Amino acid sequence: QGYLDGSRCLDLFAGSGSLGFEALSRGAGHVLFVESARPVVRILEKNVETLKVEDRVTIWTDPVEKIASRLAAQEPFDLVFSDPPYAAGWELKLLETFDWKQLLKPGGLLVLEWGTQKSQAKELPEQVPFLVKVREKPYGESVLTTYQRPEEPLS
């Protein structure tokens, strides 16, 4: 929880926003939600209003595949949550094609949820450019994998 104090968070495939709202409740300073499904965005917007966190939230309604360069132009994030549709193959796309050097601060974390049964990936790599796997925990048919951008560049 102390890690979240004042942090900048990114919630990819945000859905109703539960991960980002939890981060806000534990001290995050700002969350950028990315969700493109219009009916779900309306729920997300209603949740922002209900929780009265409009000043600590930004919502982008573009598909994740269209925002990579826009994200790279943002100030780097301390924490990124991603809960993509399991069957769409996003796990490896995110790990291998997003510019984590630009997106995450040194020491920042990417928390990626994926499924052992429905995902295209059967396992995730121990390391990709600028990220190292630091934790992996199965929860039934889902897996929560955490990567960290090391403080020092990877050799």
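*Asks:* Is there a simple way to explain the overall build of the protein in this structure?
*Replies:* For the protein, the helix and strand inventory stands at five helices and eight strands. For the protein, the N- to C-terminal ordering of α and β elements is β-α-β-α-β-α-β-α-α-β-β-β-β. Against the globule reference of 15 Å for 155 residues, the protein gives a C-alpha radius of gyration of 15 Å, in line with a compact fold. Counting only C-alpha atoms and orienting by the principal axes, one finds that the protein spans roughly 45 × 35 × 30 Å. Classification of the 155 residues of the protein by burial places 44% in the buried group. Residue pairs at least 24 apart in sequence account for 62% of intrachain contacts in the protein once pairs closer than 6 positions are excluded. Of the accessible surface of the protein, which amounts to about 8100 Å², a share of 50% is contributed by carbon and sulfur atoms.

*Asks:* Would you mind going over the packing of aromatic side chains with me for this structure?
*Replies:* Two aromatic rings are characterised by how far apart their centres lie and by the angle between their planes. Summed over the entire model, instances satisfying the criterion amount to three aromatic pairs. Pairing phenylalanine 21 with phenylalanine 33 gives two aromatic rings, centres 5.0 Å apart and planes at 45 degrees, and the pair type is tilted. On the criterion of sequence distance, the pair formed by phenylalanine 21 in helix α1 (residues 18–25) and phenylalanine 33 in strand β2 (residues 30–34) is long-range, its members being twelve residues apart. Classification of phenylalanine 21 as buried rests on a relative accessible area of 11%. A centroid spacing of 6.0 Å and a plane angle of 25 degrees characterise the contact between phenylalanine 98 and tryptophan 100, whose relative ring orientation is stacked. For phenylalanine 98, a relative accessible area of 8% puts it in the buried group. When its relative accessible area of 1% is taken as the criterion, tryptophan 100 is described as buried.

*Asks:* Sorry, what's going on with the pattern of salt bridges here?
*Replies:* Working definition: two side chains of opposite charge can pair if their charged atoms are close together. Under the counting rule described, the total for this entry stands at six salt bridges. Arginine 70 is the salt-bridge partner of aspartate 62, the closest N and O atoms lying 2.4 Å from each other. Arginine 70 gets classed as partly exposed once you look at its relative accessible area, which sits at 36%. The closest approach of N and O atoms between lysine 105 and aspartate 78, which form a salt bridge, is 3.4 Å. Note that lysine 105 is positioned in strand β5 (residues 104–115) and aspartate 78 in strand β4 (residues 77–82), a separation of 27 residues in sequence. The class of lysine 105 is partly exposed, set by a relative accessible area of 26%. Taken together, the salt bridges that share partners define one network made up of Glu126, Lys133 and Glu136.

Parameters and conventions
Residues numbered from 1 in each chain as written. Predicted model: local features only at pLDDT ≥ 70, side-chain atom pairs only at ≥ 80, totals over all residues. Heavy atoms only, no water. Helix = DSSP H or I, 4+ residues; strand = E, 2+ residues; numbered from the N terminus. Rg over C-alpha atoms; globule rule 2.2 N^0.38 Å. Buried < 20%, exposed > 50% of the residue type's maximum accessible area, 1.4 Å probe, protein only. Contact = heavy atoms within 4.5 Å. Areas by Shrake-Rupley, 256 points an atom, 1.4 Å probe, with all protein chains shown as cover. Phe/Tyr/Trp six-rings, centres within 6.5 Å; stacked < 30°, edge-to-face > 60°. Salt bridge = Lys/Arg side-chain N within 4 Å of Asp/Glu carboxyl O.

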